[in-house]
Amino acid sequence: MIDVLYFAWLRERIGVPREKVETDAATVQDLIAELSAREERYALAFSDLASLRVAVDQELADFDAPLAGVREVAFFPPMTGG
Amino acid sequence: MIDVLYFAWLRERIGVPREKVETDAATVQDLIAELSAREERYALAFSDLASLRVAVDQELADFDAPLAGVREVAFFPPMTGG
Amino acid sequence: MRIVVQAKPFDLGAEANDFAKGVAGAGAVVTFTGIVRDTAQRDLEVMEIEHYPGMTERALTTIAEEAMARWSLADCLVIHRYGRLQAADPIMMVATAARHRADAFAAAEFLMDYLKSRAPFWKKEITQSGADWVAARDEDEAALKRW
Amino acid sequence: MRIVVQAKPFDLGAEANDFAKGVAGAGAVVTFTGIVRDTAQRDLEVMEIEHYPGMTERALTTIAEEAMARWSLADCLVIHRYGRLQAADPIMMVATAARHRADAFAAAEFLMDYLKSRAPFWKKEITQSGADWVAARDEDEAALKRW
């Protein structure tokens, strides 16, 4: 069970800010594939990975980051602080 | 007649902040030579030109700047604002 | 080192004075303040800033610690708001203090460059013609390469 | 553009707030403040700043106009004190406002670099062991070369 969080327009497209996902995905990429296969709104939201960023347990990560032992994965567009 | 001003340690060495100088000096360098020949305190104060700066009519200038029509010449050490 | 993430407004002047008082031995204090821009062309009604509670504080702390490690700083401060902001509201500020101005300037620019692209904030601008998420600028990502 | 040369103290926070209020369309505000340093090693009693009335205002105006011409600035401010200052007193500040932070930072650094070596101020430090004119630093002269 992983907490999956969405921010900004990704949150708006997927329709929820966070959800618990039951998954055996080995990597972030596998998790994206799993969610995208599940429902159209995920497939659409994840269609352009170049415009997405991911954090694993609150640290920026790559899409091939492993999920073993991970509690929280967050997806969001490039950050615009400052 | 030129107003000659001195600042910081140059003022302290020469002993006055400003004075009127009757001179026909053609350039700043000539004025320095004239003053240095006049009294020891000038010769000492002007002994190391590399550690001096000059402004002619309130603009930074070179030592060979001409003095024709000039009203005010100021001598001082390198500036330390900020 | 002080990291503040808050919804409520802050006063640039009061924060700058507090920061400067705490670093009297330093000599050089630099502040950067980001302000919600409004222009006649867009009629901004509100800016909504979303963030990632938990990760935000971690990311800002990491960035500030990195600045303290890279430059000889007496102190640094980061304040960033989230929630609904109006035009002319300060969004965020950083402050740095050092013995020499080059360190204070470099550290403040470093903090800003990292904060722009590595701290989890997202801005949405609501104008009379609609709402839009602010897009990341390529220059902001490129700015990280100089450090 | 505002150039102030004064003997009396100024309040960094109040000046920063006033400046920021005047440039709401700009988005990015940078301030630099120079503060009289005191350290346990020197026991500074007073700093005396001498300047060249008339030329000071001209030099600061020229430097600020150059900054406005080189970068896309909404505004800039220079305040510099002269006379007798105590440890922890602000000596001077510059502020710049621009649409993008790179312009605001570059212009503030430019103002500081020129102000350090091209504005007619001289500092004397009076400590318990005597009085000394602050010497110009080679780095300050070298800093001008980058512009």
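Conventions we followed
Residues numbered from 1 in each chain as written. Chains lettered and ligands numbered in written order. Predicted model: local features only at pLDDT ≥ 70, side-chain atom pairs only at ≥ 80, totals over all residues. Heavy atoms only, no water. Helix = DSSP H or I, 4+ residues; strand = E, 2+ residues; numbered from the N terminus. Rg over C-alpha atoms; globule rule 2.2 N^0.38 Å. Axes fitted to C-alpha atoms, helices over the stretch in contact; angles between N-to-C directions. Parallel < 35°, antiparallel > 145°, perpendicular 65-115°, else oblique. Left-handed = near helix turned anticlockwise from the far one by under 90°. Contact = heavy atoms within 4.5 Å. Nonpolar A, V, L, I, M, F, W, Y, C, P; charged D, E, K, R; others polar. Least-squares fit on C-alpha atoms with pLDDT ≥ 70 in both. Buried area = accessible area lost by both parts, 1.4 Å probe. Salt bridge = Lys/Arg side-chain N within 4 Å of Asp/Glu carboxyl O. Polar contact = N/O pair within 3.5 Å; in protein donor to acceptor, adjacent residues only side chain to side chain. Pairing = 2+ DSSP bridges. Buried < 20%, exposed > 50% of the residue type's maximum accessible area, 1.4 Å probe, protein only. Core = buried A, V, L, I, M, F, W, Y, C linked by side-chain atoms within 4.5 Å.

Overview of the overall build of chain A
Here is step 1: Looking only at helices and strands, chain A has three helices and five strands in total.
Here is step 2: N-terminal to C-terminal, the α/β element order of chain A is β-α-β-α-α-β-β-β.
Here is step 3: Its C-alpha atoms give chain A a radius of gyration of 12 Å, within 12% of the compact-globule value 12 Å for 82 residues.
Here is step 4: Overall, chain A is about 35 × 30 × 20 Å in size when its C-alpha atoms are taken along their principal axes.

A closer look at the packing of helix α1 (residues 12–21) of chain C against helix α1 (residues 12–21) of chain D
Here is step 1: Direction vectors running N to C along α1(C) and α1(D) enclose 150 degrees, while the axes themselves pass 7 Å from each other. The angle between the axes of α1(C) and α1(D) places the two elements in the roughly antiparallel class. Two packed elements cross with a definite hand, and for α1(C) against α1(D) that hand is right-handed. Of the residues in α1(D), those touching α1(C) at Leu12(C), Gly13(C), Ala16(C), Asn17(C) and Ala20(C) are Leu12(D), Gly13(D), Ala16(D), Asn17(D) and Ala20(D).
Here is step 2: Along the lines of polarity and charge, the residues of the contact of α1(C) with α1(D) split into six nonpolar, four polar and no charged.

Here we look at the relation of the copies chain C and chain D
Here is step 1: For the pair chain C and chain D, the best superposition has an RMSD of 0.0 Å and corresponds to a rotation of 180 degrees with a translation of 0.0 Å parallel to the axis. Expressed as an axis order, the relation between the two copies is that of a two-fold axis. Within chain C, the C-alpha atom positioned nearest to the axis of rotation is that of Gly13(C), 1.7 Å from it.
Here is step 2: The share of interface residues of chain C whose copies in chain D are also at the interface is 100%, consistent with both copies meeting through the same surface.

Let's talk about the interface of chain C and chain D
Here is step 1: At the interface, 34 residues of chain C touch 34 residues of chain D.
Here is step 2: Summed over both partners, the interface of chain C with chain D comes to about 2900 Å²; 53% of that surface belongs to carbon and sulfur atoms.
Here is step 3: Taken together, the links from chain C to chain D amount to four salt bridges.
Here is step 4: Put simply, chain C and chain D have 17 residue pairs in polar contact (both at pLDDT 80 or more) between them.
Here is step 5: Of all the secondary-structure elements, those providing two or more residues to the side of chain C that touches chain D are α1, β2 (28–35), α3 (101–118) and α4 (138–143) of chain C.
Here is step 6: Ranked by residue count, the leading element in the side of chain C that touches chain D is β2(C), at eight residues.
Here is step 7: Of the residues in the side of chain C that touches chain D, the class split is 16 nonpolar, eight polar and ten charged.
Here is step 8: Looking at chain direction, β2(C) and strand β2 (residues 28–35) of chain D are connected through seven bridges and run antiparallel. Its bridge partner lying in β2(D), Val30(C) is registered against Phe32(D).

Re the sheet that holds strand β7 (residues 121–127) of chain C
Within a beta sheet, neighbouring strands are joined by backbone hydrogen bonds and run either parallel or antiparallel to one another.
All names here are of chain C.
Here is step 1: With respect to topology, four strands assemble into an open sheet ordered β5-β3-β7-β8, the strand pairing being antiparallel. Single-partner strands in this sheet number two, and they are β5 (83–85) and β8 (130–133). For this sheet the average axis-to-axis angle between neighbouring strands, irrespective of direction, equals 25 degrees.
Here is step 2: The pairing of strand β3 (residues 44–51) with β7 spans seven bridges and is antiparallel. Residue pairing in the sheet places Met 47 in a bridge with Glu 125 of β7.

Quick notes on the pairing of β7(C)
All names here are of chain C.
Here is step 1: Of all seven residues in β7, seven are buried, a share of seventy percent or more.
Here is step 2: Where burial is concerned, the two faces of β7 agree: the one with Phe 121, Lys 123, Glu 125 and Thr 127 and the one with Trp 122, Lys 124 and Ile 126 are both buried.
Here is step 3: Of the pairings in the sheet, the one linking β7 to β8 comprises four bridges and is antiparallel in character. Within the sheet, the bridge partner assigned to Lys 124 lies in β8 and is Trp 133.
Here is step 4: Linkage of β7 to β8, two consecutive antiparallel strands, is achieved through a turn of two residues.

Thoughts on the nonpolar core
Here is step 1: Of all hydrophobic cores here, the largest spans 64 residues; its most connected members are Val94(C) and Val94(D).
Here is step 2: Those residues in contact with Val94(C) that sit more than four places away from it in its chain are Val30(C), Thr31(C), Phe32(C), Leu77(C), Val78(C), Ala108(C), Leu111(C), Met112(C) and Leu115(C).

With respect to the interface of chain D and chain B
Here is step 1: Counting from both sides, the interface comprises 25 residues of chain D and, opposite them, 21 residues of chain B.
Here is step 2: Taken together, the links from chain D to chain B amount to three salt bridges.
Here is step 3: Put simply, Glu12(B) and Lys124(D) hold a salt bridge, and the shortest N to O gap is 2.3 Å.
Here is step 4: Applying the counting criterion to the chain D and chain B interface returns 14 residue pairs in polar contact (both at pLDDT 80 or more).
Here is step 5: Here the element with the most residues in the side of chain D that touches chain B is helix α3 (residues 101–118) of chain D; it accounts for five residues.
Here is step 6: When grouped by side-chain class, the residues that make up the side of chain D that touches chain B number 15 nonpolar, four polar and six charged.

What to know about the pattern of salt bridges
Here is step 1: One pass over the structure, following the stated rule, counts 36 salt bridges over all chains.
Here is step 2: Here Asp3(B) and Arg18(B) are joined by a salt bridge, their closest N and O atoms 4.0 Å apart. Of this pair, Asp3(B) sits in strand β1 (residues 2–6) while Arg18(B) sits in strand β2 (residues 18–21), and the two are 15 residues apart along the sequence.
Here is step 3: In this structure, Arg84(D) and Glu48(D) form a salt bridge, with 2.8 Å as the shortest nitrogen-oxygen distance. Of the two residues, Arg84(D) sits in strand β5 (residues 83–85) while Glu48(D) sits in strand β3 (residues 44–51), which places them 36 residues apart along the sequence.
Here is step 4: Among the residues examined, Arg84(D) registers a relative accessible area of 54% and is labelled exposed.
Here is step 5: When salt bridges that share partners are traced, they join Arg101(C), Glu109(D), Asp113(D), Arg137(D), Glu139(D), Asp140(D) and Arg146(D) into one network.

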